[in-house]
Protein chains: 2
Amino acid sequence: MNNTTVPTIELTERSRGSRCCANDSAPRLSAEAAQQLSDDLQLLAHPIRLQILDMLTRREGQVCVCDLEAALPVKQPTVSHHLKLLRAAGLIDCERQGLWAYYFVRRDALAALRARVVGQIAGL
Amino acid sequence: MNNTTVPTIELTERSRGSRCCANDSAPRLSAEAAQQLSDDLQLLAHPIRLQILDMLTRREGQVCVCDLEAALPVKQPTVSHHLKLLRAAGLIDCERQGLWAYYFVRRDALAALRARVVGQIAGL
DNA sequence: ACAATGCATTGAAGATTGTCAATGTATTTG
DNA sequence: CAAATACATTGACAATCTTCAATGCATTGT
């Protein structure tokens, strides 16, 4: 190792301009993890969806869309829209009985979501 | 109390049309609480902001904007934009030293936010 | 004073989200 | 079958969010 010819090249490059922070540190939260957590949070981050989840959690298995519509300050298509989002995410599901659709929470999926969210934001 | 004249009026009104759910129940989560929780979640629900919070939490008091910009897949104005949002919410703050701005987490505010979020979604 | 640097702000453009009237689809009831 | 009911879907619109080039503003080094 003949390092006698190049004494302090790396040092000059670093010290030129007096850098603010020496460490180039990638975030411990990876881009993928951040995206996943962001998706989870985004799904919850709407007052109507939160109230829907709240109502479905309280009244196990007996909530039809007309009940939700009556209790929420939005019209029926909007309720259906948010129900569809929650259903696509696997958080809720429904069972049609004749003319009505009874929605219910998928407790395991909701617990898994809650575990991911709580676990990740604990590290912040 | 002369209830002899009106025997089953209320019953007929209820049973007409065979309602889906008898109970009209307001959500336990009030509209105000839902809005507050939604705001908290919305602030966190972005991968860049999550990674910023993560970096600031790890490296106490020595993170300048150029570091964030180097570690994140967005340009400098975008970094400044997200920093401004987090700062307006009181989650972070900065201290200018000469040419650089060192950002840091307000641990108490972040803890309060985390407590609100965890406390509320525990009830879902 | 001048050039360079770090960061904030502005303004514009595109993407996403939220809402609802109108309409469609089943199902029940008369 | 026809009317009524519960819900889903479509399509359009407005509002909000996200991003970045351009620019502005201090501060530092020459």
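Further up the page is the structure itself.
Residues numbered from 1 in each chain as written. Chains lettered and ligands numbered in written order. Predicted model: local features only at pLDDT ≥ 70, side-chain atom pairs only at ≥ 80, totals over all residues. Heavy atoms only, no water.

Caption draft 1: Quick look at the sheet that holds strand β2 (residues 92-97) of chain B. Residue and element names in this part refer to chain B. Ordered in space as β1-β3-β2, the three strands form an open sheet in which the pairing is antiparallel. The open sheet terminates on both sides in strands that have one partner only, identified here as β1 (63-64) and β2. As judged from the six bridges shared by β2 and strand β3 (residues 100-105), these two strands associate in the antiparallel manner. Note that in β3 the partner of C94 across the bridge is Y103. Sheet strands touched by helix α5 (residues 76-88): β2 and β3. Its angle to β2, the strand with the most contacts, is close to 120 degrees. (Pairing = 2+ DSSP bridges. Helix = DSSP H or I, 4+ residues; strand = E, 2+ residues; numbered from the N terminus. Contact = heavy atoms within 4.5 Å. Axes fitted to C-alpha atoms, helices over the stretch in contact; angles between N-to-C directions.)

Caption draft 2: Expanded view of the layout of surface pockets. Residue and element names in this part refer to chain A. Estimates place the volume of the largest pocket at around 170 Å³. If you trace the largest pocket, you find it lined by V65, C66, S80, L83, C94, R96, L99, W100, A101 and Y103. At the level of elements, α4 (65-71), α5 (76-88), β2 (92-97) and β3 (100-105) are the ones that each hand at least two residues to the lining of the largest pocket. Among the elements that line the lining of the largest pocket, the one with the most residues is β3, at three residues. (1 Å grid on protein atoms, 1.4 Å probe; cavity = no way out; pocket = protein on both sides within 12 Å on 5 of 7 lines; lining within 4 Å. Points joined across faces, edges and corners; volume = space filled by probe spheres on them.)

Caption draft 3: Here's a closer look at the protein's contact with DNA strand D. Around DNA strand D lies a shell of 22 residues, among which C66, Q76, S80 and Y103 of chain A together with H82 of chain B are the nearest. Counting only atoms of DNA strand D within 4 Å of the protein, the sugar-phosphate share comes to 71%. Within the side chain of S80 of chain A, an N or O atom sits 2.3 Å from a phosphate oxygen of DNA strand D. Interatomic distance of 3.5 Å between a side-chain N/O atom of R49 of chain B and a phosphate oxygen of DNA strand D. (Near = heavy atom within 4 Å. Polar contact = N/O pair within 3.5 Å; in protein donor to acceptor, adjacent residues only side chain to side chain.)

Caption draft 4: Structural detail: the environment of L56 of chain A. All names here are of chain A. Mapped onto the fold, L56 is located in helix α3 (residues 47-58). With 49 residues separating them along the chain, L56 and V105 place their C-alpha atoms 5.9 Å apart. What L56 contacts, discounting residues up to four positions off in sequence, is V63, I92, Y103, F104, V105 and R107.

Caption draft 5: Quick look at the relation of the copies chain A and chain B. It takes a turn of 180 degrees to lay chain A on chain B, together with a shift of 0.0 Å along the axis; the resulting RMSD is 0.1 Å. This pairing of chains is accounted for by a two-fold axis. Looking at the interface residues of chain A, 100% of them are also at the interface in chain B, so both copies use one shared face. (Least-squares fit on C-alpha atoms with pLDDT ≥ 70 in both.)

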